Amino acid sequence: MQCQKIAKKLKQNLPSVSTERREAQPLREERDPFTFLRIAAVNIREAREVLKYIGCYHACRENDMSLMYRAVRQDVRMQYAGIMGGSELWSMALIALSGNDHKLFQIMFPANFKYSNRKNILHRVMNRLLIALYYGEEKSGREAIRDAESFLRQKHPQAELLTVRYLCALWNRKTDCLPSLLTDICAAERRSSFLLDEFADSTNTALEKTVSFFAHGLFALAQHCLSPEEFQNIPLPEDRGFLKEYEEYRRTAFSSVDTERSAEPFIRFSGDAAWLNEVPAALPKTVLRADTDGDIFIDYEDHYEKLFTHLLHSPSFQKMYQNRDVCWAAKWDTFDHFLNQYHAGDEKKRFYGRGLLYYALANPDLNARYRISHFLLEHGAEVLPLEKEFDGPFHYLFRQKYHDIPRTKALCEELLRHGADPNQAGTRNLLPVDDMIRMQYSEKELKPLYDLWLSLPDLELNLRTFGGRRPIDLAREYGRKELAGRLEKRMERISATGS
């Protein structure tokens, strides 16, 4: 009876329950390799939208819970692939556990994961509790519980408080509390659209209120954390949003001899969308970065770059993009492939408003970046700043996350010899030295670049960004003590001598 009611509600609230229409998913087209990452992420998010609910509908209609299991696993992997700044890992990680996808959980939350967000206490508490529970870390667990107890003394939405109480009860092995807490969470989730606030790409409130994948994930977490004997004695929650038939399937599917079949994707994309089939297997581990306030966040740019670099070499992706302009090879591919695409005179052309050199300077593959850039400079590539953005080649080079510092220095020297302006005021009035300061390397590692830059005779040091900061101000803000000291001495010398 529960399955029939859920199937009926899902059919009413889903825009379509057709798997054939989803398999032929239309894609948004983008030709510029610099903006393609964003469009690729949009395509991934649109392809997986409501996927797990479509799987749930067919599972309930056909009384085959393997369909829902496969849809959940495919949905959450694609959601993680297309992750946006508004989505939080803890909620996705629990949905992953609702499909027994422990490998994905470990990709999202590697051991000793140090996420910190002082601006959102719920996210901080949930991340710390989940990591401590999943990996059984006693010290971090005690710290997480103290943080959670502080959270529970404050005023928060009921669904959030109940979820934190559930995790605390699980940590303290109060297993008799878990079923009633899960029942209350399901009810509170229907009242508050709890997860819609976390999943920025979903707006269908009615779907979340039909079945609680979140509650299934919390129950699966208990199975992971407790002994088999403890877990076996926990009764299933009594709530219409908790699908008992699915839970019976999920708790046995991971050890089933039929695991391979049950973990196959629910949807097989076709045509130009076939590359989407390769996304779930190409997921990078979560990479974190710190901001100037000391908070630690997901590095979304690194995430997309690693994912796309992997996909670029997949057969289905290459089939769709093999005839792209040479700028694609300069931006994303190897030196040898670039040479196969290159024709004499390409270095003088503009591609989507940029010279070919700018694509090479932003290539994430270090060997390709340096070799293609040197090749283009030797053949007379332009080093003038971009017309629309005002950025010059040094801005593009220094904004890349990964570097071989000696080779970056050598490339800078070559750019200078070819007339690149070290004082070019780029976007937001940022000088190249301002971008150098932001590079994610220690001062010891950056010293060769410091030495090169401070050896330049006419270095601009007084230009202020649109935020009013000079290079010395940025150096102090980013903790570049050595550079700030050297800049201060140089500015004093210039002030004293007038040159």
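Quick note: structure is the one above.
First, a word on what this report is: a plain description of the structure on this page. (Residues numbered from 1 in each chain as written. Predicted model: local features only at pLDDT ≥ 70, side-chain atom pairs only at ≥ 80, totals over all residues. Heavy atoms only, no water.)

If you tally the helices and strands in the chain, you get 28 helices and four strands. If you line up the chain on its principal axes, its C-alpha atoms span 85 × 50 × 35 Å. Across the 499 residues of the chain, 56% fall into the buried class. Intrachain contacts of the chain at a sequence separation of at least 6 include 71% that bridge at least 24 residues. As displayed, the chain has an accessible area near 22,100 Å², and 49% of this comes from carbon and sulfur atoms. (Helix = DSSP H or I, 4+ residues; strand = E, 2+ residues; numbered from the N terminus. Buried < 20%, exposed > 50% of the residue type's maximum accessible area, 1.4 Å probe, protein only. Contact = heavy atoms within 4.5 Å. Areas by Shrake-Rupley, 256 points an atom, 1.4 Å probe, with all protein chains shown as cover.)

Take the pattern of salt bridges next. According to the stated counting rule, one finds 26 salt bridges in the structure shown. Between Arg128 and Glu143 there is a salt bridge; the shortest N-O distance is 3.3 Å. Of this pair, Arg128 sits in helix α8 (residues 121-135) while Glu143 sits in helix α9 (residues 138-152), placing them 15 residues apart in sequence. What makes Arg128 partly exposed here is its relative accessible area of 27%. For Glu143, a relative accessible area of 30% puts it in the partly exposed group. Salt-bridge contacts for Arg173 lead to Glu230; the nearest nitrogen and oxygen are separated by 3.8 Å. Residue Arg173 is located in the loop between α10 (158-171) and α11 (178-192), and its partner Glu230 is located in helix α14 (residues 228-232); the two are separated by 57 residues in the primary sequence. (Salt bridge = Lys/Arg side-chain N within 4 Å of Asp/Glu carboxyl O.)

Attention now goes to the side chain of Glu305. One can find Glu305 in helix α17 (residues 300-312). Buried and unpaired, Glu305 has Lys331 as its nearest opposite-charge partner, separated by 4.7 Å. If we skip the residues at most four places from it in the chain, Glu305 touches Leu37, Trp332 and Pro364. (Lys, Arg positive; Asp, Glu negative; His and termini not counted.)

Another aspect to go through is unusual backbone geometry. Within the chain, Arg173 stands out as a residue other than glycine whose phi angle is a positive 60°. Within the chain, Tyr352 stands out as a residue other than glycine whose phi angle is a positive 55°. Mapped onto the elements of the fold, Tyr352 is located in the loop between β3 (350-351) and β4 (354-355).

This next bit is on the nonpolar core. Residues Met68, Tyr166, Leu221, Leu243, Phe338 and Trp453 are the most contacted members of the largest nonpolar core, which totals 168 residues. Residues within four places of Leu243 in sequence aside, it is in contact with Gln2, Cys3, Ile6, Cys56, Cys60, Met65, Met68, Val211 and His216. (Core = buried A, V, L, I, M, F, W, Y, C linked by side-chain atoms within 4.5 Å.)

Compared with an ideal rise of 1.5 Å per residue, which puts 17 residues at 24 Å, helix α5 (residues 65-81) spans 25 Å between its outermost C-alpha atoms and is within 8% of the ideal. Within α5, 17 of the 17 residues are buried, which leaves the element mostly enclosed by the surrounding structure. (Expected span 1.5 Å × (residues − 1).)

Okay, the packing of aromatic side chains next. Tallied over the entire structure, the rule returns 20 aromatic pairs. Arranged with centres 5.0 Å apart and planes meeting at 50°, the rings of Phe219 and Phe231 form a pair that is tilted. With Phe219 in helix α13 (residues 213-225) and Phe231 in helix α14, this residue pair connects regions lying 12 residues apart in the sequence. Like Phe219, the residue Phe231 is buried in the burial classification. Plain terms: the ring middles of Phe394 and Trp453 are 5.0 Å apart, the flat faces sit at 85° to each other, and that makes the pair edge-to-face. One end of the pair, Phe394, is in helix α23 (residues 393-398); the other, Trp453, is in helix α26 (residues 443-454), and 59 residues separate them in sequence. In this pair, the class of Phe394 matches that of Trp453, namely buried. Three or more aromatic residues link up through ring pairs in this structure, and these residues are Phe34, Tyr358, Tyr359 and Tyr396. Sitting over the face of the ring of Phe213, Lys52 holds its NZ or CZ atom 5.6 Å from the ring centroid. Above the plane of the ring of Phe34 lies Lys331, whose end atom (NZ or CZ) is 5.3 Å from the centre. (Phe/Tyr/Trp six-rings, centres within 6.5 Å; stacked < 30°, edge-to-face > 60°. Lys NZ or Arg CZ within 6 Å of the ring centre and 35° of its normal.)

With respect to the secondary-structure elements, Arg251 resides in helix α15 (residues 244-253). Buried charge without a partner: Arg251 forms no salt bridge, and the closest opposite charge is Glu247, 4.2 Å away. Once you skip the residues sitting within four places of it in the chain, Arg251 turns out to touch Phe219, Gln223, Phe231, Gln232, Ile234 and Leu236.

Right, let's get into helix α6 (residues 89-97). Residues separated by three or four positions in an α-helix point in the same direction, a consequence of the helix having 3.6 residues per turn. In terms of residue burial, α6 counts as a mostly covered element, since nine of its nine residues are buried. Every buried residue of α6 is accounted for by Leu89, Trp90, Ser91, Met92, Ala93, Leu94, Ile95, Ala96 and Leu97.

Remark: α6 packs on α8, axes separated minimally by 9 Å, with the N-to-C direction vectors making an angle of 40°. Put simply, α6 runs oblique to α8. Seen from α6, the contacting residues are Leu89, Trp90, Leu94 and Leu97; seen from α8, they are Leu122, His123, Met126, Asn127, Leu130 and Tyr134. Class assignment for the residues of the contact of α6 with α8 results in eight nonpolar, two polar and no charged. (Axes fitted to C-alpha atoms, helices over the stretch in contact; angles between N-to-C directions. Parallel < 35°, antiparallel > 145°, perpendicular 65-115°, else oblique. Nonpolar A, V, L, I, M, F, W, Y, C, P; charged D, E, K, R; others polar.)

Turning next to the environment of His58. When you line up the elements, His58 lands in helix α4 (residues 51-62). On the basis of relative accessibility, which here comes to 10%, the residue His58 falls in the buried class. Measuring from C-alpha to C-alpha, the distance between His58 and Leu10 comes to 9.7 Å, with 48 residues separating the pair along the chain. Residues contacting His58, with those up to four places away along its chain left out, are Val17, Thr19, Asn63, Leu67 and Phe266.

With respect to the helices, strands and loops of the structure, Pro157 is situated in the loop between α9 and α10. Taking the C-alpha atoms as reference, Pro157 lies 19 Å from Leu130; in sequence the two are 27 residues apart.

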